[in-house]
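Results of the structural survey
Here is how the chains run, residue by residue.
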Amino acid sequence: MWTPTEEEKYGVVICSFRGSVPQGLVLEIGETVQILEKCEGWYRGVSTKKPNVKGIFPANYIHLKKAIVSNRGQYETVVPLEDSIVTEVTATLQEWASLWKQLYVKHKVDLFYKLRHVMNELIDLRRQLLSGHLTQDQVREVKRHITVRLDWGNEHLGLDLVPRKDFEVVDADQISVSDLYKMHLSSRQSVQQSTSQVDTMRPRHGETCRIPVPHHFFLSLKSFTYNTIGEDTDVFFSLYDMREGKQISERFLVRLNKNGGPRNPEKIERMCALFTDLSSKDMKRDLYVVAHVIRIGRMLLNDSKKGPAHLHYRRPYGCAVLSILDVLQSLTELKEEKDFVLKVYTCNNESEWSQIHENIIRKSSAKYSAPSASHGLIISLQLLRGDMEQIRRENPMVFNRGLAITRKLGFPDVIMPGDIRNDLYLTLEKGDFERGGKSVQKNIEVTMYVLYADGEILKDCISLGSGEPNRSSYHSFVLYHSNSPRWGEIIKLPIPIDRFRGSHLRFEFRHCSTKDKGEKKLFGFAFSPLMRDDGTTLSDDIHELYVYKCDENSTFNNHALYLGLPCCKEDYNGCPNIPSSLIFQRSTKESFFISTQLSSTKLTQNVDLLALLKWKAFPDRIMDILGRLRHVSGEEIVKFLQDILDTLFVILDDNTEKYGLLVFQSLVFIINLLRDIKYFHFRPVMDTYIQKHFAGALAYKELIRCLKWYMDCSAELIRQDHIQEAMRALEYLFKFIVQSRILYSRATCGMEEEQFRSSIQELFQSIRFVLSLDSRNSETLLFTQAALLNSFPTIFDELLQMFTVQEVAEFVRGTLGSMPSTVHIGQSMDVVKLQSIARTVDSRLFSFSESRRILLPVVLHHIHLHLRQQKELLICSGILGSIFSIVKTSSLEADVMEEVEMMVESLLDVLLQTLLTIMSKSHAQEAGEYVSCLLSLLRQMCDTHYQHLLDNFQSKDELKEFLLKIFCVFRNLMKMSVFPRDWMVMRLLTSNIIVTTVQYLSSALHKNFTETDFDFKVWNSYFSLAVLFINQPSLQLEIITSTKRKKILDKYGDMRVMMAYELFSMWQNLGEHKIHFIPGMIGPFLGVTLVPQPEVRNIMIPIFHDMMDWEQRKNGNFKQVEAELIDKLDSMVSEGKGDESYRELFGLLLLEKVEQETWRETGISFVTSVTRLMERLLDYRDCMKGEETENKKIGCTVNLMNFYKSEINKEEMYIRYIHKLCDMHLQAENYTEAAFTLLLYCELLQWEERPLREFLHYPSQTEWQRKEGLCRKIIHYFNKGKSWEFGIPLCRELACQYESLYDYQSLSWIRKMEASYYDNIMEQQRLEPEFFRVGFYGRKFPFFLRNKEYVCRGHDYERLEAFQQRMLSEFPQAVAMQHPNHPDDTILQCDAQYLQIYAVTPIPDYVDVLQMDRVPDRVKSFYRVNNVRKFRYDRPFHKGPKDKENEFKSLWIERTTLTLTHSLPGISRWFEVERRELVEVSPLENAIQVVENKNQELRALISQYQHKQVHGNVNLLSMCLNGVIDAAVNGGIARYQEAFFDKDYITKHPGDAEKITQLKELMQEQVHVLGVGLAVHEKFVHPEMRPLHKKLIDQFQMMRASLYHEFPGLDKLSPACSGTSTPRGNVLASHSPMSPENIKMTHRHSEAGNVVMLGDSSMGEAPEDLYHHMQLAYPNPRYQGSVTNVSVLSSSQASPSSSSLSSTHSAPSQMITSAPSSARGSPSLPDKYRHAREMMLLLPTHRDRPSSAMYPAAILENGQLPNFQRALFQQVVGACKPCSDPNLSVAEKAVPAAPSSWSLDSGAREAQPFLSAHTGCILAPPVPPRSLLHGHYSLHFDAFHHPLGDTPPALPARTLRKSPLHPIPASPTSPQSGLDGSNSTLSGSASSGVSSLSESNFGHSSEAPPRTDTMDSVPSQAWNADEDLEPPYLPVHYSLSESAVLDSIKAQPCRSHSAPGCVIPQDPMDPPALPPKPYHPRLPALEHDEGMLLREEAERPRGLHRKASLPPGSTKEEQARMAWEHSRGEQ
C-alpha cells in the first residue's frame, strides 16, 4: 500500500531507470527527484526536471538527501538541506553540460578544453565540500575557488553574472538596489582578475590601506653528493644581498656525517628551513642563496701527519651559490617545490675564504676551483606568501617536517605587537696577531663564551644557525697558517632579557699545533660587555676589542680581574689610568674585530628613550627629554609603547601646568606614528593599553584644554603643522579623554559630570568655529579644516560611551551644519567635506533611527546642493548608496516611512535631473550608481509616498515636468543598457521597480491629462516607455532555459503581460484623443504585438481595430493605419519578429472585430492583405537568415516584391526590394539579372526635372539625374553579364537624351559604348546556358514555391546532374521524385518536400532572326537562348500494340510545352510556369525530324570543310561519313523503310502519304549529301587513308543500291537534284548491328554526350530504350523539330547520391526530354576517366558535336584503332594544293554557277586549313535553300563507280565558282519557282548537291553582294588549341589538339528554311518571302495552330559550341583579319 513519506523527501538518481513498468517514471542518472509516497521498495514522485509528470521508480536507484519540507501536503515544496554553493555548483554544471558540447560543434576547441578542465575542478571541489572533513578556513578557501571558477565559466559561456556576498548568492529582495549594484560590480572585477573577492560590499570609509604581504622561502636540502671529503660537514645556508654586500638572514645549519646523511638520524627528510619576512622590496634585491661547507676533521684533508686523529678542527671546505632572481619567475608560476643543483667550489687561498661567495658570484674564477664534477648540493625551493598564520594553515605538511624558522636580520617591514625578540647577532670579523717567534704563522681558533655578571657561563645562549640546538660555547673555524684571519661568521646570541644586563662576551685565542700532540695553546683573550654604563646596549657597529696576553696557566675564575680593564678604545678613553701591575697585559700590536646587530623588542640602544623612561633621574632635563622624543626612531617607540605612555601620563600628573602642552605634543606624535603602515598593527596595542593599562584619571581635563587651545589658535597662527597633527590624532585623543573621564567618574562616583559635559560642548563649539572659518585665502587653514573633517567621524563611538544617541547626533548635526555650503569653498574641500559626511553615514551612529532623524536632513541638504551643481557625483552616489542600504536593513522600523518621505522630497527630483544629465554624457559608471540609487528610492516608496509626492505638486505643469523626466529616465535606462547584458538579476529587479512605479503614475496621468487638459507629449512619452519596456531583451523569457524561466515567473510573473494590461487600459482611457496617436503609435504597438507572448498579443492586437475605427470615423477611411502597418510590418518581420502563429492570430482577432463594423468589406480586405503580406514576409525572413542559398533568397525576394507592386501597390517598399534583389544578384554575380532588376526602378522614373528626396543610398537629386545614373549602372551590369543586346536600347535612349541637351561629350561616350557592345557581340565568346524544369511539391516548401513548377536558367557549364545536386543541397529535406508524372493530391498536401527535375529545351521567340541567312551565328546563338518564354520536353511512349519486329512503327513522342510568366533572362534566374500544353508526335513525323536533323548536321560539316579548305586533315569528316554510311549499309535506314514504306502501313495510313514522300525525299537527300561529302573527302584525304576512302565508296554504293531498290527513280537523279527537292539537309544514319565492343563504346560515347549508332541487336523492349538509341544516333542541335536529346527518369535504379533524374545508364528510361544529352546525368566514371569527364564539360555539348559517325564502332579492333585509322588521327596538317583544276574541258566549264556556300570549291580564295583556324570563330553563315534549274544535274554518282586510285577523280563542277555569270534575282511573287525547277532566276552549284538561296533575293540586285558572313569575313576569336583533353570514349591521343578537332565542327551555322507552304505571300513592301519548299509538310494529328507552331520551331538552327575564348590578338587572328580585308578589297 502506498503511504506518504515523512523523511524520504528528496534524492538523487544514482542509476538510470527506463520506466519499463506501468506508471514508471523515466529517470537519468544525476537527476533529482521529489518523493511523495513509498511502497515495498518503490517510490512514487516527480523529477524536478518535469514536475508535472508523476510516476514510480525503485527505491534502491535513489540516494536520499536531507531536505527542508514546507507546506506539507499536496502542494509541498522541498529544498535540499545542503550548502547553497553545492546546490549552485550542481545546477551550474548541468547547465554548462549542453553548452560545453556545443563549443566543440562550433569549433571553439580552446574554450572547450579549458571549460572541461574547470568543470573537473568544480566536481572535485564540490566533492571536498560534501566530504565534511574540512576546517572552516579550508571551507572558505574551497568556496573562494568554486566561486571564481563559476563566475569565469558563466562569463565565457555568456551566462548571467551571479552577485555574491561571502561566496553565497545574495537574495535581491534582502538588500538595497545600491548594494546589489556594487555586488555585481565586485563580481565582475573578480571574474576579470580571477582573484578572490573577500567581501563584495563596498569598503567602508576609513578602512585601512592594504597590509604588505610578506614573502617566505622554503628551502630543503635533499642531498650533498661528494666522494673525497670523508669527514663530517656543517652546511650553512643564508640569504646574501650582493648589491649591499651583506647577509640579510640568519644562517640555517645542516650537520652531515661523512656519508652525506644527517648526523642526527631524526633529521632524515627534515633538513628544511623557512626564510621568513622578506618584503616585496627584498624580492627585488639581488639576492642569492649562499651555502658554506665547513668540514670537521684533520687540519689538512689529505695529510694524515698533520695533527693527531683524535683532534677535530672546523675547517673551511667549499661554497655554493644560487641566484634567486634567476629562479624567481619559475618559482612564482610553479607554486610548489622545485629542485636545484648547487655546485660546490673550493677556495684557492684560505685567506680569502670570507669572500669566496662574492668571488663565485662575480665569477672571479682564479680565486676558486671546482674539485670534482660530482660535488653538489641538491636543494628544493618554494616561494610562499602571506603571514605566518596563513602559511601554517595552508601548508600544514611543511611545518610537520621539523621546519627551522630562519629569521631576517633585523625587523620585518611590519612589526607585529606580539612579536617578542631579543637577539644579538655577532659577526666574527677579523683579527691581527703576532707570530710569537714561530717560523710559520699560527693556526688560530677563537672560542667564545657568554658570561653573566657573577662569572657564570650562560647555558645555551649561542646559536650557530637555525635547525640545530643552542650551545654554551662557540669554536670558530681554523684558517691554516694565518696570523690575520678573516672569518666573517655570524653567530646569534639569544640571551634572556633578565640576564642581559651585566653579561659580557669572552673570546679566547688558541694556536692549534699540527705536531704529534696537537695541543691547542691559549695565547690571548678579549672581552666585551653587552651593555654600556648608561644602560644602552652595544651599538650596531664594528667594534675593535683589545687583545690581552695570557697562557694555559691563566685562570678566568675571577672575572673581575679583567672586567676592570678597558675592552676597547672607548673604554680606554674613559679610564686612562690603568695600573700596569695587573695580571693581564694588553698586546698593543694585536687586535680583534667584531660587529654586532641588535634585534630586540625589549632593549634599546637609544639614549634619549632611556632618559625618558628614567626621567626621575634627571628632573631638571624633563623639558629637553620630552622635546627630543620626536627624534627617536619609530621602531624604538613601538617597542616600548606602553612604558613611554605610562611615563608621559605620570609626567602629566606630576606637573600639569608645566609639562601639559609638551606631554600633549608627545602624545600626538606617538598617535600619528601609529598611522604609519609599518606600525599600523600596533593600534590594537594602543587600544588594549587604553582599555586595560591606562590610569590617567585626571588627564582628560588637560587634553580637552590643550585641544581647545589648539583649535582656538587656528584662526591666528600662520604655521599650523602642530595643529593639523593634533587634528589627525583626534580619534585617540578622544579615546584617552573618554577613558580618563570614565576612570575619574568611577573613582569619584560621577563627580564633575556637568563640567565635563560643558567642556565637551565648548570643544565642539571650537570645532564648529574652525570649520566655519573662510579658508579660501589660507591654504594652511584649509589643510587644518581638512584634517579635522577627516578625523571627525572617528570620535562618534567614543562620545556614545558618555552621551546619548540624540546628544551625539546633535553634536554632529551642529558640526556638519557649520560647514559652509558648496558655493563658498573650493573643490578639494568639497571632496573632504563629502568624505566626512560619507564616513558619518557609514558610522555606527547613523544606524540608530533616533540619530538618522536628526542627521538625515543635513546630510540630504549637502547632497542636494552638490547634485544641483553636478559636483562630486561619485562620492554623493556612494553616500546615497550607504543611506539606502541602512534604510533597507531597517525597513521594518516605523521611522523608515518618515525617512523615505524626507528623501523623496529632497532627492527624487534632483536625482532624475542628475540622471538625465549623466545619460546625455554617457558616463556609464556614474549612471549605474545613480540608477541604483533612484531604483532604491522608488523601491522603498509605498502608496502613501506616491500619494504625498503627487499631492505636493503645485501645478499641472510641475506634474507634467516630473512625469516627462521620470518616463525619459526609464526609457533611457532601457535604451542605453546601463547594466550589462549578463546582469540578469539587476535587470529583472529594475523592470519590476519600473512596472510598479508606472502603475502608480498612470492613474495620475489619466486623472490630470485626459479630458480638457490632454497633453500629447506626456501620453506619447508614456506609450513609448511601455512599448520599450515590453520589448526589453531581458524580459523575453522564451529564449532562456526552462529552469530559469520558471524561477523568474515564480518571483516576478511575466512583467510584459502586466505592462500590456496597463498599456491597453490607458489606451482605452484616451477616448477621442486616440486619433492623435494614429499613425504614430502603430509601429510601436505592432512591435509589442510581435512579442512571442500569446497573452500580450491577445491584449494588444485589438488596438489596431480601434485605430482603424477611429480613423474611419474621422477620415472615412483608414489609409494611414494601412500604410503605416504595412511599412512597419515589413521592417519588423525582417528584424526577426513575428511567426506563423502571430499571422493566424492577427487575422483571426481583427476579422472577428471587423465583422461587426459598417466598413467590414474594406476592413476584411485590408486584414486579408496584411496576413498575406505577413505570409510572404515570414518566408522572406526564413530565407534570409541562416545558411539559405542565393536561389531561395532571390526567389523569395521576387515573390515579395511582386506582392508589393501588384497587390498592395506600395511603391516605396517595391523599390526597396528591387534594390535588395539587385544586391543579391550582384553578390551571386548574376549581372544580367541585376540589370533587369534595376531596370524596374528605372522604368518608374521619367526624364523630368522633378526634385527627388534622399532615398536609400541615393542623394537628393532631380528625377532626370537619378534615371541617368540608373541607366548607366544598368548598362554597366549588362556589360558585365555579356548581355550587350539588352544594353544597346538603353545606350540609344541615353544618346537621345544627351542629343536633346546638346551634351556632346556624354553623347560621344555613350555612342562609343554602344559601338563597343556591337564589337563585343561579334568578337567575344558566350556560353549557351541549359534550362531545367523544377517542380516543388509538398506543404513544407516556402509559400512562394509551394506546389509550383519553375524553369531555371542554369549557370555556366552547369549540366543536369550538377543542377540536381545543387537543388538537393539547397533543400536537404527534399525527396527527389523518380517519375515525370504530375504528382497527385497526396503529395501536394503532405507535410514534406518533393522535387521533380528534368532538362527542357528553349523555344526562341525571335524566329525571324534565326531564319535570316546573313545573320552571324554569334547573333543567332544569343537569340536562341534569350528572351525565351516557352520551353519543351519530349517523352517517348508506345501507342497501341507494340510491333516486336520493328518498334519504330508504334513509337510516339509526347511533347510538353511550358509557358513562363516572364521571359528568361529576367529579374530572376527562374520563373514560374504559367501554362503547359501537351501534344503527341506520330512515329512518322518523328522519323522525318530525326533524318532531317542528321542531314542538316552533315551539310554543315561539309560546308565547313569547303569554305575553310582544310589542308588535308579530314579526320572528322572521315569519321562522320564512315558512321553514317556504315550504319546505313548495315540496315539502319532499313528500319524506317520497313516501318513506313511498307504497303500495309501506307494502306492503313492514307493520310500520311505526303509525309512518307517527304521521308523518302529526305533519304534521297541524305544520299546526295553523302555523295558531295565523299567528293570533298576525296579531295582532302591523306594518301595513307585511301583504304578508308575506298571502303566508304564501296559502302556508299551498297547504300545507294538499297535505295535504288526502294526508289527506282533514284539512279536517274544526278547528285544535284537534291537542290530542288530537299529544303532540309539532314542525313539519316542507318542502324548497324552492334558487337559487345560496340556496346561498350556506346556507353563511353553517351557518358560524354556523344552518339553511337544502334544496330538490330540493340533493339529493346521498351519504347524509351529504342527512342534513346535513336537519339544517340541523331544528336539534336537546338532545333525545334528535334527529339534527339534524351534524359531519363529512373524509378528502379537511382543512385542514392544522384538527383531525381538519374543517368541514362542507371535505369530504364521513363522520360525523355529534348534537352541536350550532355545535360543528362551519367553514372560515376572509373577513376582514370574522372579527370577526362570533368575536362569534357569544357567540350561542346552533345548537340554541337558531330554524330557518332565520327567514332564508328567498327574502327575498333580488339579495343585498338586499325593502323589506317591511327594514321588518320595522327595526320599532320599539310599544305593545300590549289582547288581549281585547269585541265577540265570547256564543256565542263560552261555550266552556269552562282556563288554558293555549298560549292565544292572556294574559287579563287585560298583554302585555309581546317584545324589551323581558331575554332572559336563563326565558321559559316546560315544559308537559306534555293531551287536549281533543270539541266544542272551534271554530276552523277556514276563518278564513283571507277576503282579508287591514289588520287580522287576529277569533278566536273570543280570550276563552277569561276563562272562570270551571276544569278538573276527571283521574283518575290513566284511561289512555284522552286517546285518545278523552271525558274531561270535560281541557279545552283551543279557539284554541290545542296541548294542555296541567292543573296540577290534579299538585295533586289542583279549582282551578288559580297559575302561578309563567312569565316573569312568575321574577325576570329583566338582559341587555345593546346589543351590536352582526354575524353573517356576515345583513349587514343590525336597528334594535334583534340579540342581543336572537336570544336572545329561544332559552331557551323544551320541552314535557315523556307517558310512552309501554307504561309501567305508577303506584301510587296515587306522583305521578300522565302521561296516555298518542294513539299508541304502537314501534321494531321495536330490542330492548325499547333502545326504552325511546330513548323515555326522547325526552323531553329544549331547553337554555338560551349568553349571559353582566349582574348584576341594571336597571329592567326591577325591573318584572318588580313584575309577578310583582302576579300573586302577584291569584292
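All figures in this text were calculated on a predicted structure; none of them were measured in a lab. (Residues numbered from 1 in each chain as written. Predicted model: local features only at pLDDT ≥ 70, side-chain atom pairs only at ≥ 80, totals over all residues. Heavy atoms only, no water.)

Here we come to the overall build of the protein. Secondary structure assignment for the protein yields 67 helices and 39 strands. In the protein, which comprises 2027 residues, the share counted as buried stands at 57%. Here the analysis covers contacts within the protein between residues at least 6 apart in sequence; of these, 75% occur between residues at least 24 apart. Summed over all atoms, the accessible surface of the protein reaches about 84300 Å², with 51% contributed by carbon and sulfur. (Helix = DSSP H or I, 4+ residues; strand = E, 2+ residues; numbered from the N terminus. Buried < 20%, exposed > 50% of the residue type's maximum accessible area, 1.4 Å probe, protein only. Contact = heavy atoms within 4.5 Å. Areas by Shrake-Rupley, 256 points an atom, 1.4 Å probe, with all protein chains shown as cover.)

A cluster of nonpolar residues, Ile 68, Val 79 and Leu 81, forms a patch on the protein surface that exposes about 280 Å² of accessible area. Locating Val 79 in the fold gives a position in strand β8 (residues 77–80). The partly exposed category is assigned to Val 79, whose relative accessible area is 47%. (Patch = residues over 30% accessible without salt bridge, like charges linked within 9 Å, V, L, I, M, F, W, Y side chains within 5 Å. Salt bridge = Lys/Arg side-chain N within 4 Å of Asp/Glu carboxyl O.)

Turning next to unusual backbone geometry. A cis amide bond links Ile 1078 to the next residue, Pro 1079, at an omega of 5 degrees. A cis amide bond links Leu 1464 with the next residue in sequence, Pro 1465, at an omega value of -5 degrees. We note that Lys 363 has phi near 60 degrees; this positive angle belongs to a residue other than glycine. The residue Lys 363 is located in the loop between α7 (356–362) and β20 (368–369) in this model. Non-glycine residue Asp 460 carries a positive phi angle of around 50 degrees. Its place among the elements puts Asp 460 in the loop between β24 (444–451) and β25 (473–475). Residue Asp 460 is classed as partly exposed on the basis of its relative accessible area of 45%.

Read across the open sheet, the five strands follow the order β18-β21-β11-β15-β22; overall the sheet is mixed. Of all the strands in the sheet, the pair left with one neighbour each is β18 (338–343) and β22 (404–406). Pairs of neighbouring strands in the sheet enclose a mean axial angle of 30 degrees, with direction left out of account. Pairing between β18 and strand β21 (residues 376–385): six bridges, direction antiparallel. Its bridge partner lying in β21, Val 341 is registered against Ile 378. (Pairing = 2+ DSSP bridges. Axes fitted to C-alpha atoms, helices over the stretch in contact; angles between N-to-C directions.)

Per-residue pLDDT for the protein averages 75, and the proportion of residues at 70 or more is 75%. Here residues 195–209 scores under 50 on pLDDT; set against residues more than four positions off or in separate chains, the count is 34 contacts. Within the model, the stretch residues 1611–2013 combines pLDDT values under 50 with 1057 contacts to residues more than four positions away or in other chains. (pLDDT = per-residue confidence, 0-100.)

The next point concerns the pairing of strand β15 (residues 272–278). Burial analysis of β15 places seven of its seven residues in the buried class, the great majority of the element. In terms of strand pairing, strand β11 (residues 215–225) meets β15 through five bridges, oriented antiparallel. When the bridges of β15 are listed, Phe 217 appears paired with Phe 275.

Within the largest apolar cluster, 323 residues are counted, with the highest numbers of intra-cluster contacts made by Phe 736, Phe 1023 and Phe 1085. Sequence-distant contacts of Phe 1085, defined by excluding residues within four places in its chain, comprise Phe 1023, Val 1027, Leu 1063, Trp 1067, Met 1100, Ile 1103, Phe 1104 and Met 1107. If you look at the next biggest cluster of nonpolar residues, it comprises 62 residues, including Met 242, Tyr 288, Trp 487 and Phe 584. (Core = buried A, V, L, I, M, F, W, Y, C linked by side-chain atoms within 4.5 Å.)

This part covers the sheet that holds strand β27 (residues 504–512). Read across the open sheet, the eight strands follow the order β25-β24-β27-β28-β29-β30-β23-β26; overall the sheet is antiparallel. Every interior strand has two partners, whereas the edge strands, β25 and β26 (486–493), have only one. On average, each strand axis in the sheet is tilted by 25 degrees relative to the strand beside it, whichever way the strands run.

This part takes up the pattern of salt bridges. Applying the stated criterion across every chain, the model contains 87 salt bridges. When the shortest N-O distance is used, the salt bridge between Glu 231 and Arg 295 registers 2.9 Å. Of the two residues, Glu 231 sits in the loop between β11 and β12 (232–241) while Arg 295 sits in strand β16 (residues 287–297), which places them 64 residues apart along the sequence. What makes Glu 231 buried here is its relative accessible area of 11%.

We now examine the packing of helix α45 (residues 1263–1280) against helix α46 (residues 1284–1300). Between two packed helices, what matters for the description is the angle formed by their axes and the separation of those axes. Direction vectors running N to C along α45 and α46 enclose 150 degrees, while the axes themselves pass 9 Å from each other. In terms of orientation, α45 and α46 fall into the roughly antiparallel class. For α45 against α46, the interelement crossing comes out left-handed. Contacts between α45 and α46 involve Trp 1264, Lys 1267, Glu 1268, Cys 1271, Arg 1272, Ile 1274, Ile 1275, Phe 1278 and Asn 1279 on the former and, on the latter, Trp 1284, Phe 1286, Gly 1287, Leu 1290, Cys 1291, Glu 1293, Leu 1294, Gln 1297 and Tyr 1298. (Parallel < 35°, antiparallel > 145°, perpendicular 65-115°, else oblique. Left-handed = near helix turned anticlockwise from the far one by under 90°.)

Time to look at the state of the cysteines. Under the counting rule described, the total for this entry stands at zero disulfides. Free cysteine: Cys 568, not disulfide-bonded; nearest cysteine sulfur from Cys 567 at 3.7 Å. (Disulfide = S-S within 2.5 Å.)

Those residues of helix α34 (residues 1042–1052) lying buried are Lys 1044, Ile 1048 and Tyr 1052. Around the axis of α34, the buried residues are gathered within 35 degrees of arc, so they sit on the same side. Those residues of α34 that are exposed and aimed more than 90 degrees away from the buried face are Ser 1042, Thr 1043 and Asp 1050. Trailing α34 by a residue or two, Gly 1053 shows a phi angle of about 75 degrees, which is positive. (Arc of directions from axis to C-beta.)

Turning to its location among the elements, Ser 991 is positioned in helix α32 (residues 984–1008). A polar side-chain atom of Ser 991 sits 3.1 Å from a polar atom in the side chain of Gln 1032. (Polar contact = N/O pair within 3.5 Å; in protein donor to acceptor, adjacent residues only side chain to side chain.)

Tracing the chain through its elements places Asp 943 in helix α30 (residues 943–951). Asp 943 sits 57 residues away from Tyr 1000 along the chain, and the two C-alpha atoms are 7.9 Å apart.

This part covers the pairing of strand β39 (residues 1470–1481). Residues in a regular strand project their side chains so that they alternate between the two faces of the sheet. Pairing analysis gives three bridges linking strand β34 (residues 1348–1353) to β39, with the strands arranged antiparallel. Of the residues in β39, the one forming a bridge with Tyr 1350 is Glu 1472. Bridge count for strand β38 (residues 1451–1464) against β39 is eight bridges, and the pairing is antiparallel. Bridge pairing links Thr 1457 to Glu 1477 in β39.

Further remarks concern α46. Given 3.6 residues per turn, any residue in an α-helix points the same way as the ones three and four places further on. Between its first and last C-alpha atoms α46 spans 24 Å; for 17 residues at 1.5 Å apiece the expected length is 24 Å, and the two agree. Those residues of α46 that sit buried are Trp 1284, Glu 1285, Phe 1286, Gly 1287, Ile 1288, Leu 1290, Cys 1291, Leu 1294, Ala 1295, Gln 1297 and Tyr 1298. Buried residues in α46 make contact with α44 (1231–1244), α45, α47 (1304–1323) and α51 (1417–1425). Phi turns positive one or two residues past the end of α46, at Tyr 1302, with a value near 60 degrees. (Expected span 1.5 Å × (residues − 1).)

What follows covers the packing of helix α18 (residues 699–713) against helix α21 (residues 753–772). Interhelical geometry of α18 versus α21 gives an angle of 20 degrees and a closest axis separation of 9 Å. Relative to α21, α18 is oriented roughly parallel. In terms of crossing hand, the pair formed by α18 and α21 is left-handed. Between α18 and α21, the contacting residues are Tyr 700, Ile 704, Leu 707, Lys 708, Met 711 and Asp 712 on the first element and Phe 756, Ser 759, Ile 760, Glu 762, Leu 763, Ser 766, Ile 767, Phe 769 and Val 770 on the second. Looking at the contact of α18 with α21 residue by residue, the classes come out as ten nonpolar, two polar and three charged. (Nonpolar A, V, L, I, M, F, W, Y, C, P; charged D, E, K, R; others polar.)

Time to look at the packing of aromatic side chains. A full pass over the atoms with the stated rule returns 72 aromatic pairs. Ring plane angle 25 degrees and centroid distance 5.5 Å describe the contact between Tyr 1204 and Tyr 1217, whose orientation is recorded as stacked. One end of the pair, Tyr 1204, is in helix α42 (residues 1190–1206); the other, Tyr 1217, is in helix α43 (residues 1211–1227), with 13 residues separating them in the sequence. In this pair, the class of Tyr 1204 matches that of Tyr 1217, namely buried. Look at Phe 1336 and Phe 1341: their rings are 5.3 Å apart centre to centre, the planes differ by 80 degrees, and that puts the pair in the edge-to-face class. (Phe/Tyr/Trp six-rings, centres within 6.5 Å; stacked < 30°, edge-to-face > 60°.)

The grouping of Lys 438, Lys 515, Lys 517 and Lys 521 at the surface amounts to a positive patch. Within the secondary structure, Lys 521 sits in strand β28 (residues 520–529). (Lys, Arg positive; Asp, Glu negative; His and termini not counted. Charge placed at Lys NZ, Arg CZ, Asp CG, Glu CD.)

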